[in-house]
Amino acid sequence: MTQLFAMIALALVLDAVFGDPHGRFHPVALFGRAAGRVEGLCRFAFGGGIASGFIGWFLLVFGSAAAAWGLVRILDAVHPALGLLAASGCIYLTVALRSLLEHGEAIRRPLRNGDLAAARRALSMIVSRDTATLGESEIVRGGIESLGENLTDAVASALFFAVLGYVLGGLPGAAAGAVFLRAVNTLDACWGYHDDRYLYFGRVAARTDDVAHFLPARLTLVAVAVAAALCGMRPAAALKTGIRHRHDHPSPNSCWGMAGFAGALGIRLGGPTVYGGVAEPYPYWGNGRAELNGNDLLRAERLTAVSALVFAALVAGIGGLCL
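What you see is a predicted model; the values in this text were computed from it and never measured.

Cut-offs applied
- Residues numbered from 1 in each chain as written.
- Predicted model: local features only at pLDDT ≥ 70, side-chain atom pairs only at ≥ 80, totals over all residues.
- Heavy atoms only, no water.
- Phe/Tyr/Trp six-rings, centres within 6.5 Å; stacked < 30°, edge-to-face > 60°.
- Helix = DSSP H or I, 4+ residues; strand = E, 2+ residues; numbered from the N terminus.
- Buried < 20%, exposed > 50% of the residue type's maximum accessible area, 1.4 Å probe, protein only.
- Axes fitted to C-alpha atoms, helices over the stretch in contact; angles between N-to-C directions.
- Left-handed = near helix turned anticlockwise from the far one by under 90°.
- Contact = heavy atoms within 4.5 Å.
- Nonpolar A, V, L, I, M, F, W, Y, C, P; charged D, E, K, R; others polar.
- Parallel < 35°, antiparallel > 145°, perpendicular 65-115°, else oblique.
- pLDDT = per-residue confidence, 0-100.
- Arc of directions from axis to C-beta.
- Core = buried A, V, L, I, M, F, W, Y, C linked by side-chain atoms within 4.5 Å.
- Expected span 1.5 Å × (residues − 1).

S.K.: Help me get a handle on the packing of aromatic side chains, residues and values and all.
M.R.: Aromatic ring pairs are reported here in terms of the distance separating the ring centres and the angle at which the planes meet. Scanning the entire structure with this criterion turns up 10 aromatic pairs. Note on F54 and F58: the rings are 6.1 Å apart at their centroids and 45 degrees apart in plane angle, and the pair reads as tilted. Here F58 and F54 lie together in helix α3 (residues 50–78), a separation of 4 residues that amounts to about one turn. Since its relative accessible area comes to 40%, F54 is described here as partly exposed. Since its relative accessible area comes to 40%, F58 is described here as partly exposed. Judged by centre distance (5.8 Å) and plane angle (75 degrees), the rings of W57 and F62 are edge-to-face. The partly exposed category is assigned to F62, whose relative accessible area is 37%. One aromatic cluster is present, built from ring pairs that chain together F54, W57, F58, F62, F160, F161 and F180.

S.K.: Report on the packing of helix α2 (residues 27–46) against α3, specifying residues and quantitative values.
M.R.: It is at 9 Å that the axes of α2 and α3 come closest, and there the two elements cross at 145 degrees. α3 is crossed by α2, and the crossing has right-handed handedness. Between α2, through F31, A34, A35, V38, C42, R43 and F46, and α3, the contact on the second element is made entirely by S52, I55, G56, L60 and S64. Here the contact of α2 with α3 is built from residues that sort into 8 nonpolar, 3 polar and 1 charged.

S.K.: Give me the lowdown on the side chain of D188, citing residues and values where you can.
M.R.: Mapping D188 onto the fold places it in helix α7 (residues 136–191). The residues touching D188, leaving out its near neighbours within four places in the chain, are A205, A206 and D209.

S.K.: An account of the packing of helix α6 (residues 116–124) against α7 is needed here, citing residue identities and associated values.
M.R.: For any two helices packed against each other, the geometry comes down to the angle between their axes and how far apart the axes lie. Here α6 crosses α7 at 25 degrees, and the two axes come no closer than 10 Å. Considering their axes alone, α6 and α7 lie roughly parallel with respect to each other. The interaxial crossing formed by α6 with α7 has left-handed handedness. Contacts from L116, A119, R120 and L123 in α6 reach E136, I139, G142 and G143 in α7. Partitioning the contact of α6 with α7 into residue classes produces 4 nonpolar, 2 polar and 2 charged.

S.K.: Explain the confidence of the model for the chain to me, using residue names and the numbers behind them.
M.R.: Scored by pLDDT, the chain has a mean of 95; 100% of the residues are at 70 or more. Across the chain, the secondary-structure element scoring lowest on mean pLDDT is strand β3 (residues 278–280), at 89, and the one scoring highest is helix α9 (residues 235–244), at 98.

S.K.: Please provide a residue-by-residue account of α6, values included.
M.R.: One turn of an α-helix holds 3.6 residues; hence residues three or four places apart share an orientation. Those residues of α6 that fall on the buried side of the exposure criterion are A118, A119, A122 and L123. End-on, the buried residues of α6 take up no more than an arc of 140 degrees, which puts them together on one face. Contacts made by the buried residues of α6 are with α5 (97–112) and α7.

S.K.: Just give me the short version of the nonpolar core, but keep the residues and values in it.
M.R.: Ranked by size, the top nonpolar core spans 90 residues in total, and within it I91 and I144 carry the most contacts. By residue number, the principal contributor to this core is α7, which donates 27 residues. Non-local contacts of I144, meaning those with residues more than four positions away in its chain, are made with F261, L265, I267, L269, L292, D296, L297 and A300.

S.K.: Tell me about the environment of A162, residues and numbers included.
M.R.: On the secondary structure map, A162 appears in helix α7. C-alpha separation for the pair A162 and V315, spaced 153 residues apart in sequence, amounts to 9.5 Å. Discounting chain neighbours no more than four positions away, the residues touching A162 are M7, I91, A174, G177 and A178.

S.K.: Account for helix α8 (residues 203–230), naming residues and giving values.
M.R.: Its 28 residues place the ends of α8 40 Å apart at the C-alpha level, agreeing with the 40 Å of an ideal helix rising 1.5 Å per residue. The first or second residue beyond α8 is G232, which carries a positive phi of 70 degrees.

Structure follows, in structure tokens:
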């Protein structure tokens, strides 16, 4: 159990110190380029159907996980400290808590200076909605929704699969689990569209991403409620709002975090949102204050950080009990 907690703690420390190492040689960037090449090969050899997409998905996801497992297995055999460092490094490369918080700050800082144009540009880096005409409240709403949704995608799910992998296969299993999740998530971003090109080829990528985040998203709501209590917010409202609105989004996993944030912060999120000039009639989540400001985004950043730490402790504790 000590090794498990040390591994998770070291991964989070690495993320806090170094953040997300952007660049064309980042493993996720390399994986994205590999996904493009594998897609071309699969389409050439097997066509553009579901089976072809599954073959590409299997090669990329399990190939990446197997590579991580093999690397850590070799280093762990050389010395346990090397194995621990390698496993923690693999997990670090799959979580992005610092990056998530930095995106929130990048939106909040220009708002503090009254620079709505810069805040809109910062928001447009992390959301797909139209941002060109948004006022302060809608900019803040977009930032908080991104934090609530990506707490699961960018942090919780990778930690969940790392712990699951550790329970099943020690340090190599932890590395493989975290890399498996990030590969699944990245392929959904590459192929998980509902347009003509990916409707069939990307179906496995889209569906497996939903399945992979299913349990982490629900545990994230629990972590948000505990974090709300620790931060002097509204834990009961977080749980009630998250559960009440869990189906009020096209994604089966997104609203657990976003609605939980609305309840914890005592605000209202959701509502009509414009994508490519077309308004999507999303329902509202929560019944709190609708007019938001930069301080609400600061509170959401704090809730994100504490929720991530609570989630890490929660899944590591559950994993330790299973050993």
